[in-house]
Amino acid sequence: MEDSSTKDEAGAAVDAELAKAIMARQFSPSLIGTEAWEGYKFSDMEIRIKESTDLYGAVLWPSAMVLCHFLETNRDKYNLMDKNVIELGAGTGLVTIVSSLLGARVTSTDLPDVLGNLRYNVMRNTKDRCRYIPVVTELIWGQQEVEQRFPRATHSFDYILAADVVYSHPYLDELMDTFDYLCQENTQILWAMRFRLDPENSFVDRFRQRFHMEQLYDLPSLSIKLYRAWRKDRRTKDQGEAAA
């Protein structure tokens, strides 16, 4: 019988190998030009990302690389071709760019002060490369705002993508409401999250009350987990209560 230490060693080896493969997607420019950028390789394409270090949302965090790696290496099961996708908290735009390169119709959202850099990166890396031109637009989290921007009568999404949107900020309730509103019966959420402080753990506990969750990646070396989620069938619950 395999003991726990052997299992732990095997798990650590898998974690290290996967984390190494993910971080290898990043490269530094060979020449320093007038504009600073970070390079990434996805879908056989070189992607150049400009960061803005004075804005927290305009810095690329490793969770985005984890989600992009998963999307590219699991195309057989999670095929984005011709799918309607929305990214929450798109930041520098890497997830939006990779999803667009994989054939999705992407709506890329973030706060107003991030949009300039986001739009620049998305347009720079998707022009004449993608099946669909991604839409970059403002979205302030919260049910009232999201209902106005994306009424269900005219908007539905196959996938909601999010990378590193949960951290110690004061808008976790609004983020939960945004997930809840956008996630319809056939929507899947793919969400990469870096665990830092207690708010991340408590958010996951609350999230489980509204959504089914499946852990796809666990990368302790990066403190990142990747989840798939889909909404719980409230209609079944309501029907059962009515019958009782």
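Read on for a plain summary of the structure. Owing to the predicted nature of the structure, the values given are computational and were not obtained by experimental measurement. (Residues numbered from 1 in each chain as written. Predicted model: local features only at pLDDT ≥ 70, side-chain atom pairs only at ≥ 80, totals over all residues. Heavy atoms only, no water.)

### Concerning the nonpolar core
In terms of nonpolar packing, the biggest core is built from 41 residues, with Tyr40, Ile47, Leu67, Leu94, Leu161 and Leu190 touching the most fellow members. A total of seven residues in this core trace back to one element, the largest contributor, which is helix H2 (residues 62-73). The contacts of Leu67, once residues within four sequence positions are left out, are Val95, Leu161, Ala162, Ala163, Leu190, Ala192 and Leu226. Ranked by size, the runner-up nonpolar core spans 27 residues in total, among them Phe150, Val165, Cys183 and Trp191. (Core = buried A, V, L, I, M, F, W, Y, C linked by side-chain atoms within 4.5 Å. Buried < 20%, exposed > 50% of the residue type's maximum accessible area, 1.4 Å probe, protein only. Helix = DSSP H or I, 4+ residues; strand = E, 2+ residues; numbered from the N terminus. Contact = heavy atoms within 4.5 Å.)

### Some remarks on the side chain of Thr109
With respect to the helices and strands, Thr109 occurs in strand E5 (residues 105-110). Beyond its immediate stretch of four places on either side in the chain, Thr109 contacts Ile86, Glu87, Leu88, Gly89, Ala90, Thr137, Leu139 and Phe150.

### Focus: empty space enclosed by the protein
This structure, assessed with the given rule, holds one cavity of 30 Å³ or more. Taken as a whole, the largest cavity encloses approximately 30 Å³ of empty space. Along its surface, the largest cavity is lined by Phe150, Arg152, His155, Phe157, Tyr181, Leu182 and Gln184. Here the residues of the lining of the largest cavity are counted per class, giving four nonpolar, two polar and one charged. (1 Å grid on protein atoms, 1.4 Å probe; cavity = no way out; pocket = protein on both sides within 12 Å on 5 of 7 lines; lining within 4 Å. Points joined across faces, edges and corners; volume = space filled by probe spheres on them. Nonpolar A, V, L, I, M, F, W, Y, C, P; charged D, E, K, R; others polar.)

### Concerning the sheet that holds strand E6 (residues 135-138)
Strands belonging to one sheet form pairs held by backbone hydrogen bonds; the direction of such a pair is parallel or antiparallel. Pairing is mixed across the open sheet formed by seven strands, whose spatial order is E6-E5-E4-E7-E8-E10-E9. In the strand order of this sheet, the two ends are held by E6 and strand E9 (211-219), each with one partner. Each neighbouring strand pair of the sheet contributes to a mean axis angle of 20°, computed without reference to strand direction. For strand E4 (residues 84-88) and strand E7 (residues 159-163), the ladder comprises four bridges, and the chain directions are parallel. (Pairing = 2+ DSSP bridges. Axes fitted to C-alpha atoms, helices over the stretch in contact; angles between N-to-C directions.)

### Focus on the side chain of Thr137
By the element assignment, Thr137 lies in strand E6. Judged by relative accessible area, which is 14%, Thr137 ranks as buried.

### Thoughts on the pairing of strand E2 (residues 38-42)
With two bridges joining them, strand E1 (residues 26-27) and E2 adopt antiparallel strand pairing. Bridge pairing in E2 links Phe27 to Gly39. Where E2 meets strand E3 (residues 45-49), five bridges bridge the pair, whose relative direction is antiparallel. Across the sheet, residue Gly39 finds its bridge partner in E3, namely Arg48.

### Considerations on the packing of aromatic side chains
For the coordinates displayed, the defined rule picks out 11 aromatic pairs. For the ring pair Phe70 and Tyr78, a centre distance of 5.2 Å and an interplane angle of 50° mean the geometry is tilted. Of the two residues, Phe70 and Tyr78, neither departs from the other in class, the shared state being buried. Ring geometry for Trp191 versus Phe203: centroids 5.7 Å apart, planes at 85°, classification edge-to-face. In this pair, Trp191 sits in strand E8 (residues 188-194) while Phe203 sits in helix H7 (residues 198-210), placing the two residues 12 residues apart along the sequence. There is no split in this pair, since Trp191 and Phe203 are both buried. Among the aromatic residues, those joined into a cluster by ring pairs are Phe179, Trp191, Phe203, Phe207, Phe211 and Tyr227. Here Lys50 stacks its cationic end above the ring of Tyr120, 5.4 Å away from the centre of that ring. Between the NZ or CZ atom of Lys225 and the centre of the ring of Phe195, over which it lies, the distance is 5.4 Å. (Phe/Tyr/Trp six-rings, centres within 6.5 Å; stacked < 30°, edge-to-face > 60°. Lys NZ or Arg CZ within 6 Å of the ring centre and 35° of its normal.)

### Describing the pattern of salt bridges
When the charged atoms of two side chains with opposite charge come close together, those side chains can pair. Going through the model one piece at a time under the given rule, you end up with nine salt bridges. With a shortest N-O distance of 3.0 Å, Glu46 and Arg48 are connected by a salt bridge. With relative accessibility at 34%, the residue Glu46 sits in the partly exposed group. The salt bridge partner of Arg206 is Asp173, with a shortest N-O separation of 2.7 Å. Note that Arg206 is positioned in helix H7 and Asp173 in helix H6 (residues 172-182), a separation of 33 residues in sequence. Residue classification places Arg206 among the partly exposed residues on the basis of a relative accessible area of 29%. Taking the relative accessible area as the measure of exposure, Asp173 reaches 46% and is therefore partly exposed. (Salt bridge = Lys/Arg side-chain N within 4 Å of Asp/Glu carboxyl O.)

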